[in-house]
Each structure stands twice: as C-alpha cells, then as structure tokens.
Amino acid sequence: MTSARLLSLDALRGLAVVLMMEQHMAVWLWRSDPGVSAIAQAPVLMALNGLGGLAAPTFITLAGAGTSFLARSRTAGLDAILVRRGLVVMGFGWLLNLLTPSWFSAGSWFVLHLMGLGILTAPLWRRLSDRSLLIGQALLLLAAPLVQHWLATPELLLNDRMRRLDLAGGPLRLALAEGQFPIVPWLGLFLGGIVVGRWLQQRRTAPILRMASVLLVTGVALAAVGLRLGPHEGVWHRLFQIRLSFYPATPAIVMLLQSGTLLLLLGALALERRGRIDERGWLVPLGRASLTLLLVHVVVFREVTRPLGAWQAFSSEVALTIVAIWVIVCALAARLWQRVGYRYGAEWLLRIFGG
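The paragraphs below set out a description of the structure included in this document. Everything numeric here is computed off the predicted structure, so don't read it as measured data. (Residues numbered from 1 in each chain as written. Predicted model: local features only at pLDDT ≥ 70, side-chain atom pairs only at ≥ 80, totals over all residues. Heavy atoms only, no water.)

Some thoughts on the nonpolar core
If you look at the biggest cluster of nonpolar residues, it comprises 103 residues, and the most contacted ones within it are I60, V111, L112, F181, W186 and L200. Ranked by residues supplied to this core, first place goes to helix α1 (residues 7–29) with 12 residues. L7, A11, A268 and V284 belong to the second-largest nonpolar core, a separate cluster that totals five residues. (Core = buried A, V, L, I, M, F, W, Y, C linked by side-chain atoms within 4.5 Å. Buried < 20%, exposed > 50% of the residue type's maximum accessible area, 1.4 Å probe, protein only. Helix = DSSP H or I, 4+ residues; strand = E, 2+ residues; numbered from the N terminus.)

Have a look at this one:
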C-alpha cells in the first residue's frame, strides 16, 4: 500500500478517461431530435453520459493524491518540480484551447488548467495539515454560491458563456467561477485529494470511507432541501440547487460526485489487494496514457469530425458503436505503447520537462 505507485490509482484513471471519452464522443457523434427529451430518445447513451460526470472529479482528486505520493518519493527540489509540472499541465490545457476553437477560446478554463494550477500551487498546500486542507475544501465548496451570486452567474452556463472573454474579469472570471472547471469550487477536490493521498500512504482506508460517507449524506441532504424549496432566487438557493449539469457547479453536485470518486477508489483498492488489478491489464495502461488520450480524443472528435461530416451525424446506436471501437483501439494501443514507456506522449513530455 505504500509503494510509490498504486496500480489501483492508474486503473481508476483508466476508467475515468474511458468515461470522459464516452461522455464527449457520444454527444458529439449523436444526431438528436431537439424537440424530444434526450433521455426518451437514447436512454442507454444518456445513462452512460451521466456516469461520465465522474471523470473530471476523479482526475482532479487523483491529481491531488498524486501530489502527496510525489512529495513522499521526491524531496530534493520538490517544490521546483511541482511548479514545473503544474506549468506543463496548464500548457497542455492552453494547447487544447488553441487546437479546439469550436469549443474553447484562448482564455477557456478546462480540467487541465485546474489540475495544473493545483500542482503549480502545491508547494503551498503540501505544507498544510489534513485538517486545514479539508477546511479549505469545505470553504471552496461553500464559496461557490457566494461567488456565483456576486458575479450574477447564470444558473445554467452554456458553452458560449464559458468561452467569453469580453465580460468583466475576462479569462480570470472564467478561471475563478465561470469556466468548465473553475477554481471555485473545483480546487477543493484537489485539496481533498492531497489528504486522500496521505491516507493511502498510511494504509488508512477508513478515513476515506468516512469522507465519502459525509460527502454523500451532505450532498443528498442539500439536494433534498433544494427539491423541497422548489424554484427560488437568492444566494443560498445555489447552495441547495441540484442539476444534471454541473456548469456552474453547486456544492450538492460536487459533493455527490466526489463521494462517487472515493467509493470507486475504495473498490479499486480492494481489487488490488486481491490481486485483481494487473499492470498489463486493460485499465492500467489506459490510465498511464490518460493525459494523451484526453488531448487526442477532444481534437479528433470535436474538430476533425466536422469537415468529415461526422459531427452529430449518427443514431445513438451507431454513435455508441463508434465509441466502443475507439475505446478498444485506445486500449490496444496503450498496451503496446506501454512497452516503450509511452514515449513521445503527453505523460512522457510531462516527465521530461516537469521532472
């Protein structure tokens, strides 16, 4: 359990990237009828799409945990390494902005930017106690309604709004509160992930289960209050609001999503203890190539499909078939790529330039 790298964490990253690719690709390939409920049209696709909501919270939480493992294995020049790695990950985010103009603007703030910022500022966070980090996570979650109210953020953010740079604050506004995964509240999951990483190194899974339980119960309670209150305006309504979309994220949905991430983590740890997770299995190589796969699938299926006439051109069944074929191809490629250490991929570049 105290090894520098847990196979269960890699496998969970592999699952997360599969869920993320499915969530994106299915919607980008599927030709829906705007006049009919999406759930009624394609219940299987929408169910899988809902599971995809766990992908980004998992990546962010595991990025925090990975920072704890790096702090244990590297001492000399650790802060400089964290700063360089954070800048490289943010650089990949800005590269994705430029390569995907149909989705992002130059100042868009996606999950890579958020994780990069967390790693970049980890020299500050890694010196804090577990208690301080968990309080920090709670404060960031509670700050979301206040910041969104202060900025008059719409209760549902559409993509056109999340790429705008002409509002007050410009890109800083997106980074703080109105991007896809802004600092408030998503950096809180990174801080909590640092604590989870420490518990893993100490072979303590009971605190992870308690944290998952608290998040789950609190998230359900907030959502229940929101349902009872019904439509309502005001800053605190955002505290209780629950929607399938987490743009913008509310405390309730973030708590529910991170509780799901932690429960998946506990399941992966149990499988690893029983010898059910192998380094040459399917999920571990996918997890170790997840950064590359994240970048490639967005560019291919968000941009390249358009001139080819494949953008939102297929039935739900065909769309899911294409997703399945893509995942299989990625899994096979990752297993082959593993033999050469994922040379020239994003992870390889992160090691080269980040240390």
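The discussion continues.
Here's the deal with helix α12 (residues 206–229)
Given a rise of 1.5 Å per residue, 24 residues ought to cover 34 Å, and the 35 Å separating the end C-alpha atoms of α12 matches this to within 8%. Taken from the residues just after α12, G230 is the one with a positive phi, measuring 70°. (Expected span 1.5 Å × (residues − 1).)

Some details on the packing of α1 against helix α17 (residues 316–337)
Remark: α1 packs on α17, axes separated minimally by 9 Å, with the N-to-C direction vectors making an angle of 145°. Crossing hand, α1 versus α17: right-handed. Counted together, V18, M21, E22, M25, A26 and L29 of α1 and A319, L320, I322, V323, W326, V327 and C330 of α17 form the full contact between these two elements. (Axes fitted to C-alpha atoms, helices over the stretch in contact; angles between N-to-C directions. Left-handed = near helix turned anticlockwise from the far one by under 90°. Contact = heavy atoms within 4.5 Å.)

Observations regarding the environment of L112
Structurally, the position occupied by L112 is in helix α6 (residues 111–120). For L112, a relative accessible area of 0% corresponds to the buried category. Considering only alpha carbons, one finds L112 and L142, 30 residues apart in sequence, at a separation of 23 Å. Sequence-distant contacts of L112, that is, excluding residues within four places in its chain, are made with V89, M90, F92, G93, L96, L291, L294 and L295.

Some details on the packing of α12 against helix α14 (residues 251–273)
As a packed pair, α12 and α14 sit with axes 8 Å apart at the nearest point and diverge in direction by 150°. Between α12 and α14, the crossing angle belongs to the class labelled roughly antiparallel. α12 and α14 meet at a crossing whose hand is left-handed. On α14, the residues that touch I208, L209, M211, A212, L215, L216, T218, G219, V220, L222 and A223 of α12 are P251, A252, M255, L256, Q258, S259, L262, L263, L265 and L266. By residue class, the composition of the contact of α12 with α14 is 17 nonpolar, four polar and no charged. (Parallel < 35°, antiparallel > 145°, perpendicular 65-115°, else oblique. Nonpolar A, V, L, I, M, F, W, Y, C, P; charged D, E, K, R; others polar.)

Brief notes about unusual backbone geometry
Here the residue pair V184 and P185 is connected by a cis peptide bond, since its omega of 10° sits within 30 degrees of zero. The omega angle of the peptide bond from Y247 to P248 is -5°, so this bond is cis rather than trans. Assignment of secondary structure puts P248 in the loop between α13 (237–240) and α14. Of note, Y342 is a non-glycine position whose phi angle comes to about 55°, a positive value. Considering the arrangement of structural elements, one finds Y342 in the loop between α17 and α18 (346–354). In the Ramachandran plot, Y344 falls in the positive-phi region, its phi being about 75° despite a non-glycine side chain.

As for a nonpolar patch on the surface
On the surface, L209, L216, V220 and L263 cluster together to form a nonpolar patch covering roughly 320 Å² of accessible area. It is α12 that provides the largest number of residues to the nonpolar patch, a total of three residues. V220 sits in the partly exposed class, given a relative accessible area of 46%. (Patch = residues over 30% accessible without salt bridge, like charges linked within 9 Å, V, L, I, M, F, W, Y side chains within 5 Å. Areas by Shrake-Rupley, 256 points an atom, 1.4 Å probe, with all protein chains shown as cover. Salt bridge = Lys/Arg side-chain N within 4 Å of Asp/Glu carboxyl O.)

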